Amino acid sequence: MTPWLEVCRGIVEDLHEVLERMPTREEREPVVGDGAGGDETTAVDAAAEAAIIVRLERLHAEHGIDFHLVSEELGERLYGVAPTMRVVVDPIDGSLNAKRAIPFFSVSIAVAEGSTMKDVVFGFVHDFGTNEEWTATRGEGAFLNGAPLGGQMPKEKIEVLALEATVAASVADKAIAFAPLAKRLRIMGSLALSLCYLAAGRVDAVCSLKEARAVDIAAAQLLLRELGLPIVFADAGPFDAGPLDTAARSPVVAAGSQELCDRLAHIVAT
């Protein structure tokens, strides 16, 4: 997976240039269309995705690497004839933070050998606020800035529960139900990064309060799986079988144990 790590780091350089060209809300915030996933596409989303596509198209043209691209805004596109490899991209995870210049948003890139979550073999998430690099390679572990994760795991009892994909009404609807399980809530604004924070033991559980898409979670979920941490769909089928596409499937829940996952998933789904 080393070539993909180099590609992802090149993408990060490209996106830093994009962000420098669009420093304020005035440049980043305008809505320029609707993404394939159903959300509005802002100018910063579109510019970030365009930069990523240029680099990936170069990879295909110059190195003959065929792949099936799944991306937040454009949807799906094939490079080559019937490629089996999938590249799953969220150019800006945490778009609201990005357009408001809140430094908690990321790029998320997953590489898979097939069409489902279980097929993901490489995950990459870059935090543009801290410039932290989160990576995982199937069977080889999960890493933060090249150092192995796993020394600091989530607590057995939830001190910090990270909620994502939230609006005020959703939080109000579920907060009381979470109270017996979680001492404190954090709402940070990037599902990919919140899952990475769970992998590092910075938070103890993560719940998305609306349906998540593969582009949001495909990379970060590999970090969790490499560490033996469970992640589940709250109201869909087995997580392993989740398709790598742009459709919104289910809220997701992750925690330090399967028991906590199941209890949180029950709250989210009811």
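Data block above holds the structure.
Attention in this report is confined to the structure presented alongside it. (Residues numbered from 1 in each chain as written. Predicted model: local features only at pLDDT ≥ 70, side-chain atom pairs only at ≥ 80, totals over all residues. Heavy atoms only, no water.)

### Things to note about the packing of aromatic side chains
For step 1, the next point in the chain: Following the criterion strictly, the structure yields five aromatic pairs and no others.
For step 2, the next point in the chain: A centroid spacing of 5.7 Å and a plane angle of 20° characterise the contact between Phe105 and Phe128, whose relative ring orientation is stacked. Taken together, the positions of Phe105 in the loop between α4 (95-99) and β6 (106-112) and Phe128 in the loop between β7 (120-127) and β8 (133-137) put the pair 23 residues apart, joining distant regions of the chain.
For step 3, the next point in the chain: The class of Phe128 is buried, set by a relative accessible area of 10%.
For step 4, the next point in the chain: Above the ring of Tyr197, the side-chain terminus of Arg202 is found at 4.7 Å from the ring centroid. (Phe/Tyr/Trp six-rings, centres within 6.5 Å; stacked < 30°, edge-to-face > 60°. Helix = DSSP H or I, 4+ residues; strand = E, 2+ residues; numbered from the N terminus. Buried < 20%, exposed > 50% of the residue type's maximum accessible area, 1.4 Å probe, protein only. Lys NZ or Arg CZ within 6 Å of the ring centre and 35° of its normal.)

### Some details on the sheet that holds β7
For step 1, the next point in the chain: If you walk across this open sheet you meet the eight strands as β4-β3-β5-β6-β7-β8-β9-β10, and the pairing is mixed. Since the sheet does not close on itself, it has two edges, and those belong to β4 (75-79) and β10 (147-148), each with one partner.
For step 2, the next point in the chain: As paired elements, β6 and β7 share seven bridges and run antiparallel to each other. From the neighbouring strand, Ser106 faces β7, where its bridge partner is Asp127.
For step 3, the next point in the chain: Helix α3 (residues 43-63) contacts β3 (67-71), β4, β5 (86-93) and β6 of the sheet and is inclined by roughly 150° relative to β5.
For step 4, the next point in the chain: Here helix α7 (residues 214-226) sits on the sheet in contact with β3, β5, β6, β7, β8 and β9 (141-144), set at roughly 105° to β7. (Pairing = 2+ DSSP bridges. Contact = heavy atoms within 4.5 Å. Axes fitted to C-alpha atoms, helices over the stretch in contact; angles between N-to-C directions.)

### Regarding the packing of helix α6 (residues 191-199) against α7
For step 1, the next point in the chain: The geometry of α6 relative to α7 is characterised by a closest axis approach of 8 Å and an angle of 5° between their N-to-C directions. It follows that α6 is roughly parallel to α7 by the angle criterion. When α6 is examined against α7, the residues Leu191, Ala192, Leu195, Cys196, Leu198 and Ala199 are found in contact with a partner set consisting of Asp216, Ile217, Ala220, Leu223 and Leu224.
For step 2, the next point in the chain: Split by residue class, the contact of α6 with α7 holds 10 nonpolar, no polar and one charged. (Parallel < 35°, antiparallel > 145°, perpendicular 65-115°, else oblique. Nonpolar A, V, L, I, M, F, W, Y, C, P; charged D, E, K, R; others polar.)

### Re the nonpolar core
For step 1, the next point in the chain: Formed by 44 residues in total, the largest nonpolar core has its most connected members in Trp134, Leu149, Leu195 and Ile217.
For step 2, the next point in the chain: Grouped together as the second largest cluster of nonpolar side chains are 33 residues, Leu19, Ile53, Leu69 and Val87 included. (Core = buried A, V, L, I, M, F, W, Y, C linked by side-chain atoms within 4.5 Å.)

### Details of the pairing of β3
Residues in a regular strand project their side chains so that they alternate between the two faces of the sheet.
For step 1, the next point in the chain: By the criterion of burial, β3 is predominantly enclosed, with five of the five residues buried.
For step 2, the next point in the chain: Of the two faces of β3, the one lined by Phe67, Leu69 and Ser71 and the one lined by His68 and Val70 are each fully buried.
For step 3, the next point in the chain: Hairpin connection from β3 to β4: three residues lie between these consecutive antiparallel strands.

### As for the sheet that holds strand β12 (residues 182-187)
For step 1, the next point in the chain: Judged by pairing direction, the sheet is mixed, and its five strands sit side by side in the order β12-β11-β13-β17-β15 without closing on themselves. Strands with a single pairing partner mark the edges of an open sheet, and in this sheet they are β12 and β15 (231-233). The average angle at which neighbouring strand axes cross in this sheet is 20°, direction not considered.
For step 2, the next point in the chain: Judged from the three bridges that link them, strand β13 (residues 205-208) and strand β17 (residues 252-255) form a sheet pairing that is antiparallel. Bridge pairing in β17 places Cys207 opposite Val253.

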